[in-house]
Amino acid sequence: KPMFFDLAFNSCEFPSLENRK
Amino acid sequence: PLDILFKELDEAIQEQQYKKAIRVCNKVLSQSVNDVEATQCKVLCYMYLGSFQDAVDTINKSGPLKDSFVFEKAYCLYSSAKYTDALKETTSIQSKPNNVLELEAQIYYKLENYEKTIEIYEQLLSQSGYSQSSELITNLCAVYIDAG
Ligand SMILES: [K+]
């Protein structure tokens, strides 16, 4: 199989917690 | 006391200690039901651990926050090889942000709907932010190879 990147995973980001600390 | 828990949560995430982070999220959620950030972090921790069913269960139990997790739910279904279910989630989104389009292209690729995959990638490549994306171009090449 040719190489195929999971681009969508890059958008799986943790929220900023700065305002909650 | 919540601020102390969030400090602890942030540290656990920075250290990639996701199981520990989930325990802290649960402590927050026991005091602050449907807390937005704690719920988001819990879902993400399960995803980073590859526990996609646990992530989906957390989303399904997130009450009023549920609708804000359509992308995450679709990604979890995609990662669990439930491609048709994943597609139902993404197609329910009216105006699709780029991350949803990226995911939808991946779902169509797995479903061997190469025409749709190419259509989405060409749409993304026409945007300036993607024109230099070697990963996107690599994926487009993969689609052309598999499509024959
Ligand atoms: K990521």
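Residue numbers here run from 1 along each chain, matching the order of that chain's written sequence. Each chain gets a letter, beginning with A, and each ligand a number, beginning with 1, in the order they are written. Local features in this predicted model are restricted to residues of pLDDT 70 or higher, and side-chain atom pairs are both shown and tallied only at a pLDDT of 80 or more, whereas totals for entire chains, interfaces and linings draw on every residue.

Draft legend 1. A look at unusual backbone geometry. Here Gln16 of chain B, not a glycine, exhibits a phi torsion of approximately 55 degrees, which is positive. With respect to the secondary-structure elements, Gln16 of chain B resides in the loop between α1 (2-14) and α2 (18-31). Here a strand is any run of E in DSSP of at least two residues, a helix any run of H or I of at least four, and the numbering for each starts at the N terminus.

Draft legend 2. Representation of the interface of chain A and chain B within the structure. We call two residues in contact when the distance between their C-beta atoms, placed using the backbone, is within 7 Å. Taken together, the contacts link 14 residues of chain A with 26 residues of chain B. Classification convention: Asp, Glu, Lys, Arg as charged; Ala, Val, Leu, Ile, Met, Phe, Trp, Tyr, Cys, Pro as nonpolar; all other residues, Gly among them, as polar. Split by residue class, the side of chain A that touches chain B holds 10 nonpolar, one polar and three charged.

Draft legend 3. Local environment of the packing of helix α6 (residues 83-91) of chain B against helix α7 (residues 98-110) of chain B. Residue and element names in this part refer to chain B. Where α6 contacts α7, the two axes come as close as 10 Å, and the packing angle between them is 150 degrees. With respect to α7, the axis of α6 lies roughly antiparallel. Here α6 and α7 pass one another in a crossing that is left-handed. From α6, Tyr83, Ala86, Leu87 and Thr90 reach across to α7, where they touch Val100, Leu103, Glu104, Ile107 and Lys110. Here the residues of the contact of α6 with α7 are counted per class, giving six nonpolar, one polar and two charged. Note on geometry: axes are lines fitted to C-alpha atoms, helical ones only across the stretch in contact, with angles between N-to-C directions running from 0 to 180 degrees. Comment on the angle field: the value is read as roughly parallel under 35 degrees, roughly antiparallel over 145, roughly perpendicular from 65 to 115, and oblique elsewhere. Left-handed describes a crossing whose near helix is turned anticlockwise from the far helix by less than a right angle; the clockwise case is right-handed.

Draft legend 4. A look at α6 of chain B. Those residues of α6 of chain B that sit buried are Ala86, Leu87, Glu89 and Thr90 of chain B. Down the axis of α6 of chain B, the smallest arc covering the buried residues is 155 degrees, so these residues share one side. Whether a residue is buried, exposed or partly exposed is read from the other C-beta atoms within 10 Å of its own C-beta, which are placed from the backbone; 20 or more gives buried, 12 or fewer gives exposed, and intermediate counts give partly exposed. It is the directions from the helix axis to the C-beta atoms that the arc portrays.

Draft legend 5. Region of the structure containing the environment of Glu122 of chain B. Inspection of the secondary structure puts Glu122 of chain B in helix α8 (residues 114-125). Taking C-alpha positions, Glu122 of chain B is 8.5 Å from Leu140 of chain B, a pair spaced 18 residues apart along the chain.

Draft legend 6. Spatial organisation of the domain arrangement of chain B. All names here are of chain B. Parsing chain B into structural domains produces domain 1 (1-81) and domain 2 (94-148). Residue ranges labeled as domains rest on an automatic or database domain assignment. The centre of domain 1, based on its C-alpha atoms, is set 28 Å off from the matching centre of domain 2. Across the contact, four residues belong to domain 1 and five residues belong to domain 2. In the side of domain 1 that touches domain 2, the residues fall into four nonpolar, no polar and no charged.

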